[in-house]
Every structure is written in structure tokens, then in C-alpha cells.
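What follows is each chain in one-letter form.
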2 protein chains.
Amino acid sequence: MRNLKVFIAYNGADYHGFQRQDNAISVQEVVENCIGKLLKIPAPVIYGCSRTDTGVHARRFCFNVHLDSRIPCEGFMKGMNTLLPPDIAVLSCEDAPEDFHARYCTKGKEYVYLITNAPQRDVFFQKLAYHYPYELDIEKMNEAAQLLVGEHDFAAFCRAEGKARMKSTVREIYSFTAERKEGVCELRISGSGFLYNMVRICAGTLIYVSEGKLTPDDIKKALETGDRNYAGKTLPPEGLYLNEVWY
Amino acid sequence: MRNLKVFIAYNGADYHGFQRQDNAISVQEVVENCIGKLLKIPAPVIYGCSRTDTGVHARRFCFNVHLDSRIPCEGFMKGMNTLLPPDIAVLSCEDAPEDFHARYCTKGKEYVYLITNAPQRDVFFQKLAYHYPYELDIEKMNEAAQLLVGEHDFAAFCRAEGKARMKSTVREIYSFTAERKEGVCELRISGSGFLYNMVRICAGTLIYVSEGKLTPDDIKKALETGDRNYAGKTLPPEGLYLNEVWY
């Protein structure tokens, strides 16, 4: 059996997340069905690097799949890109070691959160960014972001129902920055791993800091106490992009 | 009667162009109906700066409308942005002189044509760019673009059915450049006015030059003879943006 390591990009606007679900269309289901169609086999199971929520996007998402096929990687990629809908694309494909697993072998991930930041909405970022009409204080946001960098207990930055699933809520953030280019504010966060809704809560925390609703002291308290009330609101999914996965 | 001068942006993916049509949804119809709803009057006629084809976008499009209303410009803008669908937005609104007409008073326009230029399609530019998978020769394209700058007879760069409508096919191009940033090639063309499909044919001509299917000599011949065969193909509408209108 071969073990293919495949990177894809997808616009998540019309999907109920990556993971296969009953009664709702997912990226996983569409990709699996296309592989089945391409190789004329029953749809195989693919293993994704991450669940993503409804409406969340991926610029680079990795999955692996065990296949009993001699199709060249280039042929797999081209064939898939012909069969997939326009909002999903295969970026690369290679043979991986037998024990490679897209989820368990990750060394880190990078997410980007896009905020259109101008008085009027940007009609070209519909479902591709969160719109925030007031001027953001990028300097204050960057200062606050630095407080989250490093190894911390991020219990305060996790949706309650996610916490129950987790053995530990300690994670390491490698870097977290805010930058604005021509009316679009880009938050970029990389780390060893992320809790449920963690990036969207971190992004919302920076917004609250910009608004003066939270201070650097509140962020320190959030990290110390694990109290969700010291962190900001969860921003909506449409601004979130899985940007890179490292192995 | 007031004469309002209004700038809007729209994502044209789901519209059959700007101009009102029977049996097909247009930007004009949606905007007119929203004005009627906002002011509780029958939908008034708005005068757009340009027709745009099905699927073509506008970053800045101007229209004027005669209104018997005392609504402040700020209130008009905010009210409209509440009523309009997410793919149309009012950017600005001001009172204009009685004789201002968005179409007849233009001094020039700028268009941008976006080409996603990477082996795989870009899932975030679906209906927002033309995808061209082979490497473009930006230098050759810029050299060819310069031949079109200036006052010329652009008969060869006009769709046949457009020519019949026109008194003259002479236009002045102020500037025409090609630039590539991170997998997206942006063609930018400004001029006194444009013939039917002219920007899309000029863009297609640069693609043919990059491919070696047309030479600089062919472009000179196209301008001299008016023969459509010396120009390139018409690129699809989804890459085209009306970027600015000057008065």
C-alpha cells in the first residue's frame, strides 16, 4: 500500500468544515469521493491534519491516504484538479513513509485571520474575511499579541466544549503578529498546536485590546487563571485560514 | 431636485452586468430598488458611468440620481449599505451640480484585469480572476503594452457588434502596465474611454505576446489596419474590474 501525502487549498465558505458529517457537505467527503472516482475504487478514507469549522478556509491543508494504486503523483494531482469543484484544489502530492499521519505527525501550524478594516464592507471579501469598520490600533494589538507568545496554559482561550475533550490546555505559540495592508488587517499566528476556537478567541482578544475593553493585564490574568472572561469574543469563522502545516 | 453623485463597489459574479435588463438581475435594478425602499418612493432611474458585462466587477463605479429628498448624504450611504446585498456597497455620496451626468461627464477610466498565474487554480479567486497556469513573460507583456499607449484607432481591439454602434474607434490610452505579485498578475490600463470588450482584448493580446503567438509588429499592424486578427483573444469577464472613474 502506498501512503500519499497531499496538500490542498479550499475555500470553506460552502462547506460544513473539513470533517465528514452526516447530512452536511464537508471537504473530506468531496475529496474522498473524487479519489474514488479518479481511481475507480470505493471512496477511501483520508486523514486530515485538522478539523476546521464550518466556513473556515485553508491555504495549505495536508491529508494522507493509503492507496493500492500505481498512479503517478503528477497524474493524481492533475486528475483530482479536473474532478474537484473550483473551491478545492490539490497543490502537491508525494509518496510518504508508511507511518506518516497528517494529524499525528504535525510539528506546528500557522493560521491567518483576515479582517477587512474600512468604514464600508469590502464586496470582494464576502465570506473571506471578518469586517470591522472602526480603525484598529495595530500597535496595541501587536503589544498584546506578544503576551501570548511562548508556552502557556490557554484554557481561557478555548471554547468550553473543547476543553472537556483535551488532556492538557498547554500550548506553545511561536509567533503572533498583526499587520495592515490597504484596508485589510492580517493576524498571523503560529504554534505547536491550537485548542478549539483558540485562534478565533485570540483574534477577538486583540480586537478588544484595540477597543480598550481589555488591557495587557487582563491577558496576563487570562493566562494565569484560565478564566474565559478575561479573553475577548470568538470572531466568526469566515476570517480564518489554515495557512501552513509543518512536519 | 437634488443630483446625487454616488460611488459604489460591486462583485459582479452574480449579476448580468450593471445595466437594467428584462428577465436578468442587474446591479442597476438592485440599486434602484434599494433607493426606492430607503426613501419610500417608486424606484428612481440611476445613470451609471458605464455598462459592464455579465460577471465584470467594479471597485469604484459612479452613478448619479435625481432625488426629491432631504436625506443627508451620510444617511443615504448608511441606509443603502444596510439594504444592499453583501456584494454591492456604497463607498461615497455627495451632492453634485444639476448638470452632472455620471456617463457623459467622465474624463477617463481605469480598469484592472487580474490573472491568477500559478500551476494550480487559486480557490480564493473563483469568479474574481482569470486563471492562466503557465508562466507569463511580464517584461514582454510590458513592452507590448507600451505600443498601445497613446491616441490610436482601436478598431482591431473592439468586438464587431460594438463597432457598429460607435461614431469613432479612436481612443487615448494613458497608461498600460503588467505587474506580478505573489502569483497574481495585474494588468492596469487607463484611458479616455474604452470600446466594447477593448480591455479584455488588450489583456488577451498581452497573453498572446507572452506566448509568442503575437509579436510587437502584429500589434503595430493591428493599430494600422484595424484588423481584429492581429489582436489577441477576448479574455473572460471574471478578471475585469472597473477600478476608477475620473471627472
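Residues numbered from 1 in each chain as written. Chains lettered and ligands numbered in written order. Predicted model: local features only at pLDDT ≥ 70, side-chain atom pairs only at ≥ 80, totals over all residues. Heavy atoms only, no water.

## Here's the deal with unusual backbone geometry
For residues besides glycine, phi is generally negative; the peptide bonds are generally trans as well. Residues and elements named next belong to chain B. A positive phi is found at K127, a non-glycine position, where the angle reads about 65 degrees. The residue K127 is located in the loop between β5 (108-116) and β6 (130-131) in this model. Phi at N197 is positive, roughly 65 degrees, even though this residue is not glycine. By the element assignment, N197 lies in the loop between β9 (184-191) and α5 (198-211). A relative accessible area of 8% places N197 in the buried class. (Helix = DSSP H or I, 4+ residues; strand = E, 2+ residues; numbered from the N terminus. Buried < 20%, exposed > 50% of the residue type's maximum accessible area, 1.4 Å probe, protein only.)

## Describing the interface of chain B and chain A
Taken together, the 23 residues of chain B in the interface contact 23 residues of chain A. For the chain B and chain A pair, buried surface summed over both sides reaches about 1,800 Å², with 59% attributable to carbon and sulfur atoms. Its largest share of buried area at the contact with chain A, chain B owes to B:Q120, B:R121 and B:F124, together 40% of the area lost on that side. Our count for the contact surface shared by chain B and chain A stands at zero salt bridges. Here the residues of the side of chain B that touches chain A are counted per class, giving 15 nonpolar, five polar and three charged. (Contact = heavy atoms within 4.5 Å. Buried area = accessible area lost by both parts, 1.4 Å probe. Salt bridge = Lys/Arg side-chain N within 4 Å of Asp/Glu carboxyl O. Nonpolar A, V, L, I, M, F, W, Y, C, P; charged D, E, K, R; others polar.)

## Section: helix α1 (residues 27-39) of chain A
In an α-helix, one full turn covers 3.6 residues, which means residues spaced three or four apart are oriented alike. Residue and element names in this part refer to chain A. With 13 residues, α1 should reach 18 Å at 1.5 Å per residue; the first-to-last C-alpha distance of 18 Å fits that figure. Within the sequence span of α1, burial applies to V27, Q28, V30, V31, E32, C34, I35, G36 and L39. Backbone geometry just after α1 places K40 at a positive phi near 55 degrees. (Expected span 1.5 Å × (residues − 1).)

## Regarding the pattern of salt bridges
On inspection of all chains with the given rule, the structure shows 18 salt bridges over all chains. A single salt-bridge network, built from bridges that share partners, covers A:E110, A:E186 and A:R188.

## Overview of the nonpolar core
Residues B:V31, B:I35, B:F76, B:F157 and B:L187 are the most contacted members of the largest nonpolar core, which totals 76 residues. No other element matches the eight residues that α5(B) contributes to this core. Discounting residues that sit within four places of it in the chain, B:F157 has contacts with B:L148, B:Y196, B:N197, B:M198, B:I201, B:C202, B:T205, B:A222, B:L223 and B:A231. Core analysis: the second largest hydrophobic core is formed by 75 residues, A:C93, A:A96, A:F157 and A:Y196 among them. (Core = buried A, V, L, I, M, F, W, Y, C linked by side-chain atoms within 4.5 Å.)

## Observations regarding the relation of the copies chain B and chain A
Each copy of the sequence occupies a distinct position, and chain B is placed on chain A by a rotation of 180 degrees and an axial shift of 0.0 Å, giving an RMSD of 0.0 Å. In symmetry terms, the pair is related by a two-fold rotation axis. Residue by residue, 100% of the interface of chain B is reproduced at the interface of chain A, so both copies engage with the same surface. (Least-squares fit on C-alpha atoms with pLDDT ≥ 70 in both.)

## Focus: the environment of A:L136
Residues and elements named next belong to chain A. Considering the arrangement of structural elements, one finds L136 in the loop between β6 (130-131) and α3 (138-148). C-alpha of L136 to C-alpha of R51: the two residues are 85 residues apart in sequence and 30 Å apart in space. Those residues in contact with L136 that sit more than four places away from it in its chain are I115, N117, M141, R180, C185, I207 and S210.

## Brief notes about the confidence of the model for chain A
Mean pLDDT over chain A works out to 96, with 98% of the residues at or above the 70 mark. Here the complex is predicted with pTM 0.92, and the ipTM for its interfaces comes to 0.91. (pLDDT = per-residue confidence, 0-100.)

## Considering the packing of aromatic side chains
Residue and element names in this part refer to chain A. Tallied over the entire structure, the rule returns 15 aromatic pairs over all chains. Taken together through their ring pairs, the aromatic side chains of Y10, F18 and F61 make up a single cluster. Sitting over the ring of F7, R60 keeps its end group 4.2 Å from the ring centre. (Phe/Tyr/Trp six-rings, centres within 6.5 Å; stacked < 30°, edge-to-face > 60°. Lys NZ or Arg CZ within 6 Å of the ring centre and 35° of its normal.)

## A word on the packing of α1(A) against helix α2 (residues 73-83) of chain A
All names here are of chain A. Interaxial distance between α1 and α2 falls to 10 Å at its minimum, and their mutual angle equals 115 degrees. For the pair α1 and α2, the sense of crossing is right-handed. Contact residues: V31, C34, I35, K37 and L38 in α1; F76, G79, M80 and L83 in α2. Considered class by class, the residues forming the contact of α1 with α2 number seven nonpolar, one polar and one charged. (Axes fitted to C-alpha atoms, helices over the stretch in contact; angles between N-to-C directions. Left-handed = near helix turned anticlockwise from the far one by under 90°.)

## Looking at the state of the cysteines
All names here are of chain B. Applying the stated criterion across every chain yields a total of zero disulfides over all chains. Distance from the sulfur of C62, which forms no disulfide, to the nearest cysteine sulfur (C49) is 6.2 Å. Taking relative accessible area as the criterion, C62 reaches 0% and is therefore assigned buried. (Disulfide = S-S within 2.5 Å.)

## Considering the packing of helix α3 (residues 138-148) of chain B against helix α6 (residues 216-225) of chain B
All names here are of chain B. Two numbers describe how α3 lies on α6: the axes approach to 10 Å, and their chain directions differ by 20 degrees. Judged by the inter-axis angle, α3 sits roughly parallel to α6. Crossing angle aside, the handedness with which α3 passes α6 is right-handed. The residues of α6 that touch α3, namely those facing A144, L147 and L148, are P216, I219, K220 and L223. (Parallel < 35°, antiparallel > 145°, perpendicular 65-115°, else oblique.)

## Section: the pairing of strand β8 (residues 170-181) of chain B
Residues and elements named next belong to chain B. Relative to β8, strand β7 (residues 150-153) runs antiparallel, the two being bridged by four bridges. Paired with H152 across the strands is R171, a residue of β8. Examined bridge by bridge, β8 and β9 share eight bridges and lie antiparallel to one another. Along β9, the bridge assignment pairs K181 with V184. The loop that links β8 with its antiparallel partner β9 comprises two residues; one of these, E182, has a positive phi angle of about 45 degrees. (Pairing = 2+ DSSP bridges.)

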